[in-house]
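Here's the letter readout for the chains.
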Amino acid sequence: MAKKAGAKMVDIKFVDTFGTWQHFSLPVAELSEDSFSEGLGFDGSSIRGWKSIEASDMLAMPDPETAWIDPFMAVPTLSLTCTIAETGTREAYSRDPRGMAQKAEKYLVSTGIGDQAFFGPEAEFFVFDNVQFDSKSNGTFYSVDSDEGIWNTGKGAGCCCERTNLGYKIRHKEGYFPVAPQDTQQDIRTEMVLTMEQLGVKVEKQHHEVATAGQAEIDYRFSTLLTAADWMMIYKYVVKNTAKKHGKTATFMPKPLFGDNGSGMHTHQSIWKKGKPLFAGKGYGGLSETALYYAGGLLKHARTLCAFCSPTTNSYKRLVPGFEAPVNLAYSARNRSAAVRIPTYSESPKSKRLEYRPPDPSANPYLCFAAMLMAGLDGIQNKIDPGEPIDKNMYELPPEEHAKIPQILGSLEEAVQALEKDHDFLLKGDVFTEDFLEMWISNKRKEADAIRLRPHPYEFFMYFDV
């Protein structure tokens, strides 16, 4: 591939603990067959949550299945995604998210339940025209702007440039699916889709999402856990760099706008064995007993899953009633007010799956998908009953009826506490380790404290004159 494309460089990419791609590059002549078996050395002490300085040498092990030519680099460059190994033993590093996803797939096989777990995430994002923010000891602010934003009045509308206001603005919660001229980003999204397909990601559709100001969704086809997570990293890379190419900026932050829908990452999932889907059956929603037990596992461990599926303080600005947020821990066919939804678009056994709706795109996909699989497998192994389905609109239930439905958590601190109390199911097969969980809990608690300890601008509005 490198020779055919005339590649001059090789870009070595790997994902850090919190879901950000890191990379370093080398001349193509430095890449050999030995690179795939011997690995490429780097300093692991500079990566968040990884090695201390006295044991910092690590190896990046390129996966040839992930090769593609990077469309955003001026010089033709071969891109390779890596898993991380210890020097000397070349054993998988226990804090490498991609390696943990591989261990989750191996654990599934070891259980005998199935041999493939398929995942299909639906990540949403915003494309803005201008973003500014700062935080100091004596002040803080943020400001976002978009040509599509309902608040945008054109000239002097909080942007660094003067624009004409043409009046076509998408009102709050009315972004699904107006055509142009309200939808101003069709061509940008199409360019993102074509670039993703060029890199091997099989895209199903793209569209504007519910919120104002350039909220979008691009859906790609389901694939195995590891490949679906690899594709999510490509997805984010393409979205962000295509936006930048057009002088815009993209964010996967779950709730950048007050008073409008946030960005989720509803995740479809199923288990197969010997080429046959295990979730199809004659039970509720056309599901098998296995699928219903899997749903039971997701619901039982939903609060723990928050620590990996909704892993930021901003995640809990999205997980509130009133904005199509999946806060109700119940399951239902078609019903988007339930945390676990059973899609009913097709009666084909191959299409039978569960959609888990609480995750958002701030999640590290390798950790998020692995944690959900482990919760679902625990449900199957322990035959966890998901209870009775709820086919009503849970957003509009009377208070006394709604109070009986368990709810998702309300803060990152609560998610960390849930993870501390309920994590044995994650330790099976050494997919997650106590060492990794201790590191994760420590870092997430620091994130929660960083917000908890700072005065909020709106507090001045409410309390300055007390």
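Scope of this entry: the structure provided in the associated data block. These numbers were taken from a predicted model, which means no experiment stands behind them. (Residues numbered from 1 in each chain as written. Predicted model: local features only at pLDDT ≥ 70, side-chain atom pairs only at ≥ 80, totals over all residues. Heavy atoms only, no water.)

## Thoughts on the environment of G49
Applied cut-off: Numbering goes from the N terminus for both helices and strands, where a helix is a DSSP run of H or I of at least four residues and a strand is a run of E of at least two. In this analysis, two residues are considered to be in contact whenever any of their non-hydrogen atoms come within 4.5 Å of each other.
Considering the arrangement of structural elements, one finds G49 in the loop between β3 (40-43) and β4 (57-62). Between the alpha carbons of G49 and R95 there is a distance of 8.1 Å; along the sequence they are 46 residues apart. For G49, the contacting residues outside a window of four places in its chain are T17, Y93, R95 and M439.

## Some thoughts on the pattern of salt bridges
Put simply, the rule reads: Here, a salt bridge means any side-chain nitrogen of Lys or Arg that lies within 4 Å of a carboxyl oxygen of Asp or Glu. Relative accessibility decides the category of a residue: with a 1.4 Å probe and only protein chains considered, values under 20% of the type maximum give buried, values over 50% give exposed, and everything between is partly exposed.
Across all of its chains, the model carries 21 salt bridges by this definition. In this structure, E347 engages K352 in a salt bridge whose closest nitrogen and oxygen atoms are separated by 4.0 Å. Taking relative accessible area as the criterion, K352 reaches 5% and is therefore assigned buried. Across the pair D378 and K428 runs a salt bridge whose closest N-O atoms are separated by 2.9 Å. On the criterion of sequence distance, the pair formed by D378 in helix α9 (residues 365-381) and K428 in the loop between α12 (424-427) and α13 (434-452) is long-range, its members being 50 residues apart. Members of the salt-bridge network, linked through shared partners, are D11, K13 and D70.

## Some remarks on the nonpolar core
Operational definition: The definition of a nonpolar core used throughout is a set of buried Ala, Val, Leu, Ile, Met, Phe, Trp, Tyr and Cys residues joined through side-chain atoms within 4.5 Å.
Core analysis: the largest hydrophobic core is formed by 98 residues, its most contacted members being Y235, F308, L373 and F432. Grouped together as the second largest cluster of nonpolar side chains are 17 residues, A2, A7, V10 and M58 included.

## Some words on the pairing of strand β6 (residues 77-86)
What counts is decided by this rule: Whether two strands pair comes down to DSSP finding at least two bridges between them.
Across the 10 residues of β6, 9 count as buried, placing the element largely inside the fold. Pairing geometry for β4 and β6, over 5 bridges, is antiparallel. Each bridged residue has a counterpart across the sheet, and for L59 the counterpart in β6 is A85. Examined bridge by bridge, strand β5 (residues 68-69) and β6 share 2 bridges and lie antiparallel to one another. If you follow W68 over to β6, its bridge partner there is S79.

## A word on unusual backbone geometry
Going from Y176 to F177, the amide bond is cis rather than trans, its omega being -5 degrees. Within the secondary structure, F177 is located in the loop between β9 (139-145) and α4 (186-198). The step from A180 to P181 runs through a cis peptide bond, and the omega angle for that step is 10 degrees. Assignment of secondary structure puts P181 in the loop between β9 and α4. Phi angles above zero are rare outside glycine, and K274 is one such case at about 50 degrees. Among the residues examined, K274 registers a relative accessible area of 73% and is labelled exposed. Here K383, not a glycine, exhibits a phi torsion of approximately 45 degrees, which is positive. You can see K383 is positioned in the loop between α9 and α10 (399-402). Under the relative-accessibility criterion, K383 is labelled exposed at 59%.

## A closer look at the packing of helix α7 (residues 302-309) against helix α11 (residues 412-421)
Selection rule: Under this scheme, a helix contributes an axis fitted over its contacting stretch, all axes are lines through C-alpha atoms, and angles between N-to-C directions fall in the 0 to 180 degree range. In this scheme, roughly parallel covers angles under 35 degrees and roughly antiparallel covers those over 145, while 65 to 115 is roughly perpendicular and the rest are oblique. Crossings are classed by handedness, with left-handed meaning an anticlockwise turn of the near helix from the far one by less than a right angle and right-handed meaning a clockwise turn. Classes in brief: Ala, Val, Leu, Ile, Met, Phe, Trp, Tyr, Cys and Pro nonpolar; Asp, Glu, Lys and Arg charged; the others, Gly included, polar.
Two elements in contact, α7 and α11, have axes separated by 7 Å at closest approach and are oriented at 120 degrees. Between α7 and α11, the crossing angle belongs to the class labelled oblique. Of the two elements, α7 crosses α11, and the hand of that crossing is left-handed. When α7 is examined against α11, the residues R303, T304, C306, A307 and F308 are found in contact with a partner set consisting of A415, A418 and L419. For the contact of α7 with α11, the residue count by class is 6 nonpolar, 1 polar and 1 charged.

## Quick notes on the packing of aromatic side chains
Note the following rule: Between 30 and 60 degrees the pair is tilted, below 30 it is stacked and above 60 it is edge-to-face, where a pair is any two Phe, Tyr or Trp rings, Trp via its six-membered ring, whose centres lie within 6.5 Å. Here, over-ring charges are defined by two tests on the NZ atom of lysine or the CZ atom of arginine: distance to the ring centre within 6 Å, and angle to the ring normal within 35 degrees.
Considering all chains together, one arrives at 27 aromatic pairs under this definition. Between the aromatic rings of F460 and F464, the centroid separation amounts to 6.2 Å while the plane-to-plane angle is 20 degrees, which identifies the pairing as stacked. Exposure class is identical for F460 and F464. Each is exposed. Here the aromatic residues F14, F24, F42, W50 and Y93 are joined through ring pairs into a cluster of three or more. The ring of Y237 has K13 lying over it, and the distance from NZ or CZ to the ring centre is 5.2 Å. Above the ring of F252, the side-chain terminus of K236 is found at 5.5 Å from the ring centroid.

## Some thoughts on the environment of Q198
Relative to the elements of secondary structure, Q198 occurs in helix α4. Remark: the alpha-carbon pair of Q198 and T17, spanning 181 residues in sequence, is separated by 27 Å.

## Some points on the environment of A295
With respect to the helices and strands, the residue A295 is situated in helix α6 (residues 289-300). Taking the C-alpha atoms as reference points, A295 and Y356, separated by 61 residues in sequence, lie 8.8 Å from one another. Those residues in contact with A295 that lie beyond four places of it in its chain are V340, L354 and P386.

## Topic: the pairing of strand β2 (residues 21-27)
Inspection of the sheet shows strand β1 (residues 9-15) paired to β2 by 7 bridges, in the antiparallel sense. Considered in β2, the bridge of D11 is made with S25. In this antiparallel pair of consecutive strands, β1 and β2, the connection spans 5 residues, and G19 shows a positive phi of 95 degrees.

Just geometry here; none of it tells us what the structure is for.
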